[in-house]
Each structure stands twice: as C-alpha cells, then as structure tokens.
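# Understanding the architecture of this molecule
Residues per chain are reported as follows:
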Amino acid sequence: MKKIIIAIDGFSSCGKSTMAKELAHEIGYIYIDSGAMYRAVTLYCIQTDILKEETIDIQRLREAIGTLKVCFHFNRETDHPDVWLNDVNVEDKIRTMEVSAHVSKIAAFDFVRTAMVAQQQAMGRDKGLVMDGRDIGTVVFPHAELKIFVTASPEVRARRRYDELTAKGATVSLEEILTNIKERDYADQHRPVSPLRQADDAILLDNTHLTTAQQLEWLKEQYQQAIQ
Ligand code: CDP
C-alpha cells in the first residue's frame, strides 16, 4: 500500500499527540513528536546551566546543538516511542512545567530549528510517518500528502493538560497551565523563524467538542481518503 507522510500541526495541548500516536499505531506508521525534541534541547539547557535564571547563554547553546543526540526509541511497555537525550531516556523529564515554561524561547532560535528540522526530515525519508508539531506541514514536510491543523479553545486545552499532568501525580494549577498555554501560543505564532500557522493545504480540525475517540475516527477517515 502507498506510504505517505502525515503532518499534524496546531496549538499546544490540543490533543495532537494523542491522535497522531494512535493513528500511527493502528496503521503501522512511525510516530514522531517533534515538540519532544525541542523539549529535550530545553532540558539539556536547564541541566547544563545554559539556561539559568531566565538568561540563555546563546553562544554555548550554538556550540552544543550540533553535538546533541536527540532520538526516539520504542517503549514496549507504553507501545509508543520515548525521546532520548544523549543516550538517556528523558520522556518523563521533558513534560514538567519548568520545561514548558522555557521551550518556546529555545525553539525560536534559528540554529536550534535548523538542527532539529534536518533530523526530522531524515526520519521521513522512507515515508510511513506521522509527525506532529508547529511547522511540520509548512517547513519540515511542505509536500506531505496529508496535513491537519488542530485547534481548540485555550480553556479546554488547559483542562486537558491539567488532567494529564495530575493523573501522573504532578502538582500544578489550572491557572498556571492556562497562562503557559496562552504565552506559548503567542510566542509560537509570532516568532520570526517558522511561526505556527496553518498551511494553505491543511485541513482544519477544531476538536473543542470532540472526544479522543471521535477525533481518531475523523483522522482515520482523512487518512483513508489521502491514500486513495
Ligand atoms: O505538548 P504541547 O502541545 O503543549 O507542546 P509540544 O508539542 O511538546 O511543543 C513544545 C514547544 O516546542 C511548542 O510550544 C513550540 O514552542 C515548540 N515546537 C516548535 O517550535 N516546533 C515544533 N515542530 C514542535 C514544537
């Protein structure tokens, strides 16, 4: 059967990863969470004090970026790929509010994006890939056969992220999450390099009132049409 690239972009915490992951699993495609890569770079900056007290040592980050090993390994327990940073599994460490609070600043550097985009494009060489992020349909794979742009109201997105984090035992407030979501939406849409925007040929999905099961069904229909 024809293999394609499926690019899923959209605002933060709107359920892109959930549906991308499930679709990839069902159709036997590789799933790549490009946001996890920017989160891993941000974690590295925190761990090495490149990012300290809200200041970023841009020179050190520029030197380090080419040496960073950010990759994915399949986790048999969860049935999904985990992100690894320099041979360490950092899947849980990258989802903290501390990383969320700084990731959009790190992801806005052109040299960070160039390094990550090159790796993402290499992952799509053989197609059969679902990738989600902010610039997948516009920059990483402008010729992707299926492009989806997902959105939902900020309040609904904050509630979903809150439920996800508290289910994992994290202590977070809904207000803090809503503020972070709005700040990242703004930063992602207004950065000069690869800003978040809907590609002209992307299909818009507002999933404010959809369950995860409903949005997966919708996505599967889009996939079936795309491979015909
Ligand atoms: O999980 P959530 O949707 O909140 O965010 P994410 O997909 O983990 O991405 C975290 C951040 O990385 C975003 O807010 C963007 O600033 C950045 N990002 C990006 O610039 N380009 C991408 N392709 C993916 C993420």
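Figured I'd write up the structure that's included with this text.

Reading the values: rules and limits
Residues numbered from 1 in each chain as written. Predicted model: local features only at pLDDT ≥ 70, side-chain atom pairs only at ≥ 80, totals over all residues. Heavy atoms only, no water. Pairing = 2+ DSSP bridges. Helix = DSSP H or I, 4+ residues; strand = E, 2+ residues; numbered from the N terminus. Near = heavy atom within 4 Å. Polar contact = N/O pair within 3.5 Å; in protein donor to acceptor, adjacent residues only side chain to side chain. Areas by Shrake-Rupley, 256 points an atom, 1.4 Å probe, with all protein chains shown as cover. Nonpolar A, V, L, I, M, F, W, Y, C, P; charged D, E, K, R; others polar. Axes fitted to C-alpha atoms, helices over the stretch in contact; angles between N-to-C directions. Contact = heavy atoms within 4.5 Å.

What follows concerns the sheet that holds strand 5 (residues 70–75). Taken together, 3 strands build an open sheet; the order of strands is 5-6-7 and the sheet is antiparallel. Of all the strands in the sheet, just strand 5 and strand 7 (88–89) have a single pairing partner and so form its edges. Inspection of the sheet shows strand 5 paired to strand 6 (residues 80–85) by 6 bridges, in the antiparallel sense. Note that in strand 6 the partner of phenylalanine 72 across the bridge is valine 83.

Around the ligand, the structure places 19 residues, and the nearest of them are Arg39, Arg113, Asp135, Asp188 and Arg191. Here arginine 39 contributes a side-chain N or O atom positioned 2.6 Å from an oxygen atom of the ligand. With respect to the ligand, the side chain of arginine 113 contributes an N or O atom lying 2.7 Å from an oxygen atom. A total of 530 Å² of accessible area belongs to the ligand in isolation, and the protein chains cover 98% of it. Elements that contribute at least two residues to the shell around the ligand include exactly helix 2 (34–47), helix 4 (97–106) and helix 8 (174–190). Of the residues forming the shell around the ligand, the biggest block, 4 residues, is contributed by helix 2. Taken together, the residues of the shell around the ligand sort by class into 4 nonpolar, 6 polar and 9 charged.

Glancing now at the sheet that holds strand 1 (residues 5–10). Read from one edge of the open sheet, 5 strands run 2-8-1-9-10, paired in parallel fashion. The open sheet has two edge strands, strand 2 (30–33) and strand 10 (203–206), and neither has a second partner. Strand-to-strand twist across the sheet, computed as the mean angle between neighbouring axes with direction ignored, equals 20°. The strands touched by helix 2 are strand 2 and strand 8 (129–133); relative to strand 2, the strand with the most contacts, the crossing angle is about 45°. Contacts from helix 9 (residues 212–227) reach strand 1, strand 9 (146–151) and strand 10 within the one sheet, and its direction differs from that of strand 9 by about 160°.

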